[in-house]
Amino acid sequence: MKRELFDFLNTDLQFIKGVGPVLATRFDDVLGGRRVLDFMLHTPAYVRARGVTECVSDATAGDVITIPLLVKSHRTGGVFRGHRRPTQIICNDKMGNTVIIQFFNVNFLDYWLKKLPVGQWRMVSGKLENGARAVINHPEFIEEMQNAAKIPSAQAVYPAGLGLTQKTFANVRDQIFALLPEKLAGADSDITEFFDALRHVHYPESDADLGPNSEYVVKLAYWELLAHQSAIVISRRTRTDARNRRTPRPQRYNLMDKFYAALPFSLTDAQTRTINEIFTDMARDIPMMRLVQGDVGSGKTIVALAAAIKMAETGGQTALLAPTDTLAQQHYAKLRPMCDKIGVVCDILTGRDKGAPRREKLISLRSGRTKIIVGTHALFSDDVEYKDLGLVIIDEQHRFGVSQREALRTKGHNPDMLALSATPIPRTLSMTIYGDMDVSIINEKPAGRIPIKTTKLPIARIDALVSRLRLQIDSGAKVFWVCPLVAESDTSDMTAAHARYDALKKIFPHAGLVHGQMDKKQRDTVMAQFADDNSDMRLLVATTVIEVGIDVPRATIIVIENAECFGLAALHQLRGRVGRGNMQSYCILLYGNNTSTDGMKRLDVLTKTDDGFVIAEQDLIMRGTGELLGTRQSGWINYHFVDYAHHRDLFKLAAAAARDMVAPSDTVRDLMFIFDRGVGINA
Ligand code: ADP
Ligand code: MG
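Conventions we followed
Residues numbered from 1 in each chain as written. Chains lettered and ligands numbered in written order. Predicted model: local features only at pLDDT ≥ 70, side-chain atom pairs only at ≥ 80, totals over all residues. Heavy atoms only, no water. Salt bridge = Lys/Arg side-chain N within 4 Å of Asp/Glu carboxyl O. Buried < 20%, exposed > 50% of the residue type's maximum accessible area, 1.4 Å probe, protein only. Helix = DSSP H or I, 4+ residues; strand = E, 2+ residues; numbered from the N terminus. Core = buried A, V, L, I, M, F, W, Y, C linked by side-chain atoms within 4.5 Å. Contact = heavy atoms within 4.5 Å. Pairing = 2+ DSSP bridges. Axes fitted to C-alpha atoms, helices over the stretch in contact; angles between N-to-C directions. Disulfide = S-S within 2.5 Å. Near = heavy atom within 4 Å. Polar contact = N/O pair within 3.5 Å; in protein donor to acceptor, adjacent residues only side chain to side chain. Areas by Shrake-Rupley, 256 points an atom, 1.4 Å probe, with all protein chains shown as cover.

Visitor: Please provide a residue-by-residue account of the pattern of salt bridges, values included.
Guide: For the structure on display, the rule yields 24 salt bridges. A salt bridge links Arg 35 to Asp 38; its shortest N-O distance comes to 2.9 Å. Looking at Arg 35, the relative accessible area reads 11%, which means it is buried. Under the relative-accessibility criterion, Asp 38 is labelled buried at 8%. As a salt-bridge pair, Arg 245 and Asp 285 come within 3.9 Å of each other at their nearest N and O atoms. Taken together, the residues Arg 245 in the loop between α7 (215-240) and α8 (256-262) and Asp 285 in the loop between α9 (269-282) and β11 (289-294) connect sequence positions 40 residues apart. The class of Asp 285 is partly exposed, set by a relative accessible area of 31%. If you follow the salt bridges from partner to partner, you end up with Glu 277, Asp 281 and Arg 290 in one network.

Visitor: Tell me about the nonpolar core, and please be specific about residues and values.
Guide: Leu 13, Ile 176 and Phe 195 are the most contacted members of the largest nonpolar core, which has 60 residues in total. Only α1 (3-10), α2 (20-31), α3 (36-40), α5 (166-184), α6 (189-202), α7, α21 (648-659) and α22 (666-675) provide two or more residues apiece to this core. If near-sequence neighbours (up to four positions away) are discounted, Leu 13 is found in contact with Val 19, Ala 24, Phe 27, Leu 31, Arg 34, Arg 35, Val 36, Phe 39, Val 172 and Ile 176. In terms of nonpolar packing, the next biggest core, distinct from the first, is built from 42 residues, Ile 302, Val 303, Ala 322 and Leu 418 among them.

Visitor: Any details on the sheet that holds strand β21 (residues 539-542)? Residues and values, ideally.
Guide: Here we have 6 strands laid out as an open sheet, ordered β18-β23-β22-β19-β21-β20, and parallel in their pairing. Each having just a single partner strand, β18 (453-458) and β20 (512-514) make up the two edges of the open sheet. Sheet twist, expressed as the mean angle between neighbouring strand axes with direction ignored, is 20°. Of the pairings in the sheet, the one linking β18 to strand β23 (residues 586-591) comprises 6 bridges and is parallel in character. Within the sheet, the bridge partner assigned to Thr 454 lies in β23 and is Cys 587. The sheet contacts of helix α19 (residues 597-608) involve β18 and β23, and relative to β18 the element is tilted by about 155°.

Visitor: Which residues make up the sheet that holds strand β14 (residues 372-375), and what values do they have?
Guide: On the basis of which strands lie adjacent, the open sheet formed by 7 strands has the order β13-β14-β12-β15-β16-β11-β17 and parallel pairing. What marks the edges here is a single partner per strand, and that holds for β13 (346-349) and β17 (438-442). The sheet shows a mean angle of 20° between the axes of neighbouring strands, direction not considered. Pairing of β13 with β14, which is carried by 4 bridges, proceeds in the parallel orientation. From the neighbouring strand, Leu 349 faces β14, where its bridge partner is Gly 375. Packed on one face of the sheet, helix α10 (residues 300-313) meets β11, β12 (317-321), β14, β15 (389-395), β16 (416-421) and β17 and runs near 170° to β16.

Visitor: Requested: an account of unusual backbone geometry, with residues and values cited.
Guide: With a phi close to 40°, His 138 is a non-glycine residue in the positive phi region. As for its placement among the helices and strands, His 138 is situated in the loop between β8 (134-137) and β9 (141-144). Its identity is not glycine, yet Asn 562 carries a phi of approximately 50°, on the positive side. Mapped onto the elements, Asn 562 comes out in the loop between β22 (555-560) and α18 (568-575).

Visitor: Quick rundown of the state of the cysteines? Include the residues and the values.
Guide: Covalent bonding between the sulfur atoms of two cysteines is what defines a disulfide. Applying the stated criterion across every chain, the model contains 0 disulfides. Here Cys 55 stays unpaired: no disulfide links it, and the sulfur of Cys 91, its closest cysteine neighbor, is 14 Å away. We note that Cys 339 lacks a disulfide partner, and the nearest cysteine sulfur, in Cys 346, lies 4.1 Å from it.

Visitor: Break down the site of ligand 1 for me, citing the residues and quoting the values.
Guide: Taken together, 15 residues lie around ligand 1, and Gln 271, Gly 297, Lys 300, Thr 301 and Arg 449 are the ones closest in. One nitrogen or oxygen atom from the main chain of Gly 299 is found 3.1 Å from an oxygen atom belonging to ligand 1. Between ligand 1 and the protein, one listed contact pairs an oxygen atom with a side-chain N or O atom of Lys 334 at 3.2 Å. For ligand 1, whose accessible area on its own is 560 Å², the fraction buried by protein is 77%.

This is how it looks when you write it as structure tokens:
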């Protein structure tokens, strides 16, 4: 890739005018990265029409309207008898209807008041609030009448987050795309075309430009798949390359007998089969690259431990990588007692470890004393050295891209890699998604599990449900209450969760709330409180942010509101938050009044089976109706542009192109860099 373009895409967003370090950190949370490139790959969710309305009674509450208003008077806000009152600007529309503009806690109130002088007409644009009176809070645009055209008639709306407004997004986008042409000068034509398609998606004229069948999205999806498939092909070729062959490690200790003796249960047949497959891989001259797929609760952790103990028999070390601190802690708590029994040193390292304790942990790792280290990405920080890293285990693998896997591999000498995933993938897709890996499937649950009872319930019955919950909670149950992702919009999912939380809090005063617009630390704190057996928080209202793999054994009930809006894979994942202890668990699927036949069918699948693989196949068959939210984020792998339901042919095309590739072209290298952090420029 051209140096200028590469540097530009890698630029930290804090160097964009009007951003700075604070906003850049917020972008990091929302985009999962803070580079210009991360911004560019985060495209608008929909287009908001801001048509001009002459008369407020023509609009419905909730509409975003642009309306000429005559300012009648200002009423300054403040605190009156303990109540905070907003500043109000009383206006009339052309028909003489009253429209009130409100500002809450505004810093530059004078500035806004000057923009709305009494006796003058202004073109105002914002969302018409629900309620008896016509109210617009904090209008997004206020223009003098002769400048009314400055208010866009269609506006791209980005999935935003805490402290990031649509204005900020638009500002960053405008600057990036203004700078882009000079950075692109001299780039090859495919890359130019790529960024051109990206520009169209950032400046959509209608929702159709953003949909899976938009010519721009189709192009971008193809390129994304090509990048991914090429990375897979390269990874596979490198791994099997004769020059990378290794001598299998000789066994130096005997630990497996102790492992089996320490097991508190007997393994299922599927676990035994998987362990054998892993051991066979570990004895080969090609490094292992194996994915273990097994539904939630199928017992993957013990399989991982078996592999780690096998590695310890050779004197080698194992790193077990979890996606979050909380999950790392959970793994450690489970593994440590068993390791103690076996006599293998097991430790944990996360971002929380600082100073002297951290240094000690690092020394123990470097000396080779620590044989199993559990942790987060911190395990691969620059200052972490291993004596002999032989095995890397990645839990919940779908969060890691091909290039991350490559990066981990460089910490050891061609270590074995084992990935664990609780997301069943239809067999037909797993080859294309994880084409560089061998797959073991644990399709059997430990004996004695009590299946989760799943029922569907119309929303009208919510009061009866809440009464029953109260009884359950009083007798010690913990409840997840999942609120719908209303749309991939700025704040609406947060609002829905907030509204439900407020209502439930009246009945359950200790209820907690987590949502995507909270920062990660805050979220972790609430989650930990909910998981804590001694805490009074027995009910947790959440958007879909509740972690994959989070283990709260006393959580026996999950309520999923507007379940008809979720895909099967997502519902199944959510349901897996309960049923983790030895008590009967329940999943209640609340559905709305306007649930379609297809929506009902999906819920029926869930009530009939809890076999993740059956559900995954059904999911693939039933997709494509276009009514599901967030199909791009299907839970299998997080693509930016690819949509399984609509782009199946592109999969085949991209896979074929990658397979036939002798060596990656410059374009393919660039695409791999764009879509997969780290691969590309130096590859
Ligand atoms: P997951 O596949 O979701 O990671 P875990 O490894 O966390 O599942 O296992 C879930 C629970 O089942 C754990 O408490 C574990 O100790 C238990 N378990 C695992 N294998 C068996 C087995 N063969 N028999 C009984 N219990 C088991
Ligand atoms: Mg697990």
